[in-house]
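Here are the chains, one letter per residue:
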Amino acid sequence: MARVVVVGAGIVGAASAYRLAEKGLRVLVLEKEATYAQGSTGKSAAGVRVQFSEPLNVLLSYRSILEYREIPEAAYRPTGYLFLVPEAQAEAQEEALRVQKALGVPVEKLSLAEAQRKVPFREEGLAYATFGPMDGTIDPHGATAYYLREARRLGAEMRFSEPLLRAERREGVWRVETPKGLYEAPFLLLCTGAWTGEVGRTLGLEIPVQPVRRMVFATAPTPFPHAFPLTVDLGTGFYFRSEGSRLVK
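Note that residues are indexed from 1 along each chain, following the sequence as it is written. Per-residue local features of the predicted model are confined to residues with pLDDT of at least 70, and side-chain atom pairs are confined, for both listing and counting, to 80 or more; whole-chain, interface and lining totals are unaffected and use all residues. The side-chain figures draw on all heavy atoms in the structure; neither hydrogens nor water molecules are used.

If you check an unreviewed UniProt entry, the protein appears there as Putative oxidoreductase-like protein from Thermus thermophilus.

Pasting the structure below:
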């Protein structure tokens, strides 16, 4: 019997399986798709950043990036994040900057003229910019594959094409049913991302998480060279970054 059943083989489930197996626990990973990283992980814009306002978010991201730097499969690229700060959000972003600096992560406040050297933009309505040189991108498939491989090396078991149908807890043990079998474990870890609310309902739990549609586009190759950091207009949420000769937005 496994000690922990992990539901979901995206990057969170894979990393969790690895760390649990590293602690000596018997781990079983259940994934509804035929392979890993088929949900939000594989469809993401692959960005990683330390520029958050909550200390916990800052530290989780900072320490994750430090680890990605040491994983060749993660293909970490510190291309930077440039935040364009509108005047209405200037004070809130100053507070976020204070939090980041107090935690020792590298973030710079730039004048609009300094930011223009990185990306051309219209300055109307903007107060300043912030730049995180440690922010950037990874290969989410590569990182997930690494964590799953390491989890397997430590004894974790992976079962693909096995969606969780239902689960219930009796006498301190979770009984987890899939189309292919019934599994038991004292602990059940849901790593199902935006669908965790939906999965939680199969367990009789109301978890306040729901999916929101996001769209990612890639342009055709541009007729000019560029190496833009991931640039975000905080006023609208619009972002873009270079991806080879294309722009991703």
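(A) Local environment of the pattern of salt bridges. Here, a salt bridge means any Lys or Arg side-chain nitrogen found within 4 Å of an Asp or Glu carboxyl oxygen. For the structure on display, the rule yields 15 salt bridges. Between K109 and E94 there is a salt bridge; the shortest N-O distance is 2.3 Å. In this pair, K109 is assigned in strand β5 (residues 108–110) and E94 in helix α4 (residues 90–102), connecting sequence segments 15 residues apart. A relative accessible area of 42% means that K109 is categorised as partly exposed. A salt bridge links E243 to R241; the shortest N-O distance between them is 2.5 Å. For every residue, the accessible area (1.4 Å probe, protein chains only) is compared with the maximum for its type, and the residue is labelled buried under 20%, exposed over 50%, or partly exposed between those bounds. The class for E243 is partly exposed, based on a relative accessible area of 33%. What makes R241 buried here is its relative accessible area of 7%. Starting at the N terminus, helices and strands are each numbered in turn, a helix being any DSSP run of H or I of at least four residues and a strand any DSSP run of E of at least two.

(B) Up close: the UniProt feature "domain: FAD dependent oxidoreductase" (unreviewed entry) in the protein. UniProt positions are given in the numbering used here, feature names are shortened, and annotations may be inferred rather than shown by experiment. When the UniProt feature table is mapped to this numbering, "domain: FAD dependent oxidoreductase" (unreviewed entry) covers residues 3–243. As annotated, residues 3–243 comprises 28% helix and 25% strand, and the C-alpha atoms at either end are separated by 42 Å.

(C) Summary view of the packing of aromatic side chains. Two rings from Phe, Tyr or Trp (for Trp, the six-membered ring) form a pair when their centres are within 6.5 Å of each other. A pair whose planes differ by under 30 degrees is stacked, one over 60 is edge-to-face, and the rest are tilted. Tallied over the entire structure, the rule returns 6 aromatic pairs. Here the aromatic rings of F228 and F240 are separated by 5.8 Å at their centres, their planes lie at 85°, and the arrangement is edge-to-face. With a gap of 12 residues between them, F228 in the loop between α7 (196–201) and β13 (230–233) and F240 in strand β14 (residues 239–243) connect regions that are remote in the sequence. Of the two residues, F228 and F240, neither departs from the other in class, the shared state being buried. With a centroid separation of 6.3 Å and an interplanar angle of 45°, the aromatic rings of F238 and F240 are classed as tilted. Here, over-ring charges are defined by two tests on the NZ atom of lysine or the CZ atom of arginine: distance to the ring centre within 6 Å, and angle to the ring normal within 35 degrees. One Lys or Arg, R49, reaches over the ring of F52 and ends 3.9 Å from the middle of that ring. Here K118 stacks its cationic end above the ring of F131, 4.1 Å away from the centre of that ring.

(D) Here's a closer look at the pairing of β13. In this analysis, strands are considered paired if DSSP registers two or more bridges between them. Relative to β13, strand β4 (residues 81–86) runs parallel, the two sharing 4 bridges. From the neighbouring strand, F83 faces β13, where its bridge partner is V232. Where β13 and β14 come together, 2 bridges link them in antiparallel fashion. Looking across to β14, one finds that V232 is bridged to Y239. Connecting the antiparallel pair β13 and β14 is a turn made up of 5 residues, with G237 showing a positive phi of about 85°.

(E) Highlighting the sheet that holds β4. Read across the sheet, 6 strands follow the order β5-β6-β4-β13-β14-β15 without closing on themselves; strand pairing throughout is mixed. Sheet topology places β5 and β15 (246–248) at the edges, where each strand pairs with a single neighbour. Averaged over all pairs of adjacent strands, the angle between their axes in this sheet comes to 25°, without regard to strand direction. Relative to strand β6 (residues 126–132), β5 runs antiparallel, the two sharing 3 bridges. Following the sheet pairing, L110 is matched in β6 by A129. Between the N-to-C directions of two axes lies an angle of 0 to 180 degrees, each axis being a line fitted to C-alpha atoms and, for a helix, fitted only over the stretch in contact.

(F) Looking closely at the pairing of strand β1 (residues 4–7). The two faces of β1 match: V4 and V6 on one face and V5 and V7 on the other face are all buried. One crossover worth recording links β1 to the parallel strand β2 (residues 27–30) by way of helix α1 (residues 11–22), and it is right-handed. Relative to strand β12 (residues 187–190), β1 is paired through 4 bridges, and the arrangement is parallel. Bridged to V5 within β12 is L188. The handedness of a crossover follows from its direction of travel: if, with the strands pointing away from the viewer, the path from the first strand over the helix to the second runs clockwise, the crossover is right-handed.

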